[in-house]
Each structure stands twice: as C-alpha cells, then as structure tokens.
Amino acid sequence: MKKNFDKSLEMLLHHEGGYVNHPKDPGGETNLGVTRAVYEQYVGRQVMDGEMKSLTVDDVAPIYKKNYWDRVRGDDLPGGLDWAAFDWGVNSGTGRPAKVIQRFVSAKQDGAIGPQTLRLIAENDPGDMIQYLYEQRQKFYERLKTFETFGRGWTRRNQETLKAALEMAHGAV
C-alpha cells in the first residue's frame, strides 16, 4: 500500500542495523542495510574509505524506495504483503519474493510483479500469501551455506516480519 513505505522502511532499518563489515557476509561492507556496491551504483562513483560509516537514513531511503519497494510493487500490494515482500527483497533480492507470490497465485514466475499478477493477488487472502511467503523464505534460508553463521538472525527476522505483516494485513499497525 502506498501509505506503508515509511513504516516499512522504519521496520526494515530496525532489522538492518548500522555499520557492518563481517568477513563471512558476501555483501561485504554495509551500513543501514545498503552494501558498498549498491551505494556506489546509486551515487555513480567509488565511495571513499570511511564514507559508508557516515550514511544516514536520508541517504539510503531513496535507494530502498527505488531498488526494492518499487520493484516489488509495494504501493500496489495489500497491506502486510507489501512489507513481507519488501523485507525479503532487501535481504535476498526482489525477484525471489516476487516469484514466490507469483507461484502462490498461479501467475507466470518471472520475478516481476505486473498487472496480471496484481489481478491474481487481489483474488487471494493477504494473510495466506504472507504465511506462504514466510514459509518459503525460511526454507530458502535453511538451504544457504551460511545458515549456520547467520541463520538464527535470519529466522528471527523472518518471524518478526511475519508477525508485523499479519498485523498490517489485519489493520493493527
């Protein structure tokens, strides 16, 4: 839903935290959930050493809107499903939650939510789609070779996303 981006960004940043440069994280240097590579692409240049540490919410919000929220069609999804798709899209790429939603509604699984997928989404219960997204996301995480290192955090994040998404779907948030 259009009105949910700001709240979703706030919840996302709670999950993403601050500056991290974990040696086992394939994303590398990250701040507020934005990797160095994504930020460099956004600003169109290489970032200076130390620049990633000084990113602010105002610096990253447009990246999240354009690269993730808009790609999962957050403004057009039902409340709650928008948050669940956005959060997983940031964490694992926007094509993954899009394909899972498309599989649920029996649409072509091309990873791009378009008018046909949106029509089919409208015919389904948002809570059922949110629950399915949660289950598929957890299975995805458990198959990753880095699950032993990061799995506890991913599982907690997935559970928190499910809870908030269901509350949003039922108008509680």
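For the structure, check the block above.
Residue positions are given per chain, counting from 1 as you read along its sequence in written order. Restriction of local features to residues with pLDDT of at least 70 applies here, the model being predicted, together with a cutoff of 80 or more for giving and counting side-chain atom pairs; totals for whole chains, interfaces and linings are based on all residues. Computation of side-chain values: all heavy atoms of the structure, hydrogens and water removed.

Here the focus is the overall build of the protein chain. Under the scheme used here, helices are H or I runs from DSSP no shorter than 4 residues and strands are E runs no shorter than 2 residues, and both carry numbers assigned from the N terminus. Each helix and strand in the protein chain was counted, giving eight helices and two strands. Taken along the three principal axes of its C-alpha coordinates, the protein chain extends 50 × 35 × 30 Å. Sorting the 173 residues of the protein chain into buried and exposed places 47% on the buried side. Sequence separation of 24 or more characterises 58% of the internal contacts of the protein chain that already satisfy a separation of 6 or more. Just so you have it, the protein chain exposes about 9,200 Å², and 48% of that area is on carbon and sulfur atoms. For each residue, the accessible area found with a 1.4 Å probe, counting protein chains only, is set against the maximum for its type, and the residue is called buried under 20%, exposed over 50%, and partly exposed in between. Contacts are residue-level and defined by heavy atoms, with any inter-residue pair within 4.5 Å sufficient. Residue exposure ignores everything except the shown protein chains as possible cover, and the areas themselves are Shrake-Rupley values with a 1.4 Å probe.

Attention now goes to the packing of helix H5 (residues 95–105) against helix H6 (residues 115–122). Each packed pair of helices is defined by two parameters, the angle between the axes and the distance between the axes. Closest axis-to-axis distance for the H5/H6 pair is 9 Å, and the angle between their directions is 55 degrees. Put simply, H5 runs oblique to H6. Where H5 crosses over H6, the handedness of that crossing is left-handed. Note on element contacts: H6 touches H5 through Thr117, Leu120 and Ile121, opposite Ile101, Gln102 and Val105. Considered class by class, the residues forming the contact of H5 with H6 number four nonpolar, two polar and no charged. Between N-to-C directions, angles span 0 to 180 degrees; the directions come from axes that are lines fitted to C-alpha atoms, helices contributing only their stretch in contact. Any angle that falls under 35 degrees is termed roughly parallel, while one over 145 is termed roughly antiparallel, one within 65 to 115 roughly perpendicular, and all others oblique. Working rule for handedness: look at the near helix, and if it is turned counterclockwise from the far one by less than a right angle, call the crossing left-handed; if clockwise, right-handed. Nonpolar residues are Ala, Val, Leu, Ile, Met, Phe, Trp, Tyr, Cys and Pro. Charged residues are Asp, Glu, Lys and Arg, and all others, Gly as well, are polar.

The next subject is the layout of surface pockets. In this approach a probe as big as a water molecule rolls over the atoms, and the regions it shows empty are the leftover space. Volume-wise, the largest pocket comes out at about 930 Å³. The set of elements that each furnish at least two residues to the lining of the largest pocket consists of helix H1 (5–16), strand S2 (34–35), helix H4 (81–92), helix H7 (126–143) and helix H8 (147–169). Among the elements that line the lining of the largest pocket, the one with the most residues is H8, at eight residues. Cavities and pockets are defined on a 1 Å grid built over the protein atoms alone: a cavity is a set of grid points where a 1.4 Å probe fits but cannot escape, while a pocket is an open set with protein on both sides within 12 Å along at least five of seven lines, and lining residues are those with an atom within 4 Å of any such point. Grid points are joined across faces, edges and corners, and a volume is the space filled by probe spheres set on the points. Roughly 150 Å³ of internal volume is contained in the second largest pocket. Val38, Gln41, Tyr42, Lys66, Asn67, Tyr68, Arg71 and Thr94 are the residues that line the second largest pocket. Within the residue set of the lining of the second largest pocket, elements represented by two or more residues are helix H2 (36–43) and helix H3 (57–69).

In the contact formed by H7 and H8, the axes pass within 10 Å of each other and the chain directions differ by 175 degrees. Comparing the axis directions of H7 and H8 gives the class roughly antiparallel. On H8, the residues that touch Pro126, Gly127, Ile130, Gln131, Tyr134, Arg137, Gln138, Tyr141 and Glu142 of H7 are Phe147, Trp154, Thr155, Arg157, Asn158, Gln159, Thr161, Leu162, Ala165, Leu166 and Ala169. Each residue belonging to the contact of H7 with H8 can be placed in one class, and the counts come to ten nonpolar, seven polar and three charged.

Right, let's talk about the pattern of salt bridges for a bit. Here, a salt bridge means any side-chain nitrogen of Lys or Arg that lies within 4 Å of a carboxyl oxygen of Asp or Glu. According to the stated counting rule, one finds 13 salt bridges in the structure shown. For aspartate 75, the salt bridge is made with lysine 65, and the minimal N-O distance between the two is 3.7 Å. Taken together, the residues span a long stretch of sequence, with aspartate 75 in the loop between H3 and H4 and lysine 65 in helix H3 at a distance of ten residues. Given the relative accessible area of 27%, lysine 65 is considered partly exposed. For glutamate 160, the salt bridge is made with arginine 156, and the minimal N-O distance between the two is 3.6 Å. Linking glutamate 160 with arginine 156, this pair stays in helix H8, spanning four residues, or about one helical turn.

Attention shifts here to empty space enclosed by the protein. Scanning the model with the defined rule gives one cavity of 30 Å³ or more in all. Estimates place the volume of the largest cavity at around 40 Å³. Ranked by residues supplied to the lining of the largest cavity, first place goes to H7 with four residues. Of the residues assigned to the lining of the largest cavity, the class counts are six nonpolar, two polar and one charged.

Note that all results are geometric; they support no functional claim without further evidence.
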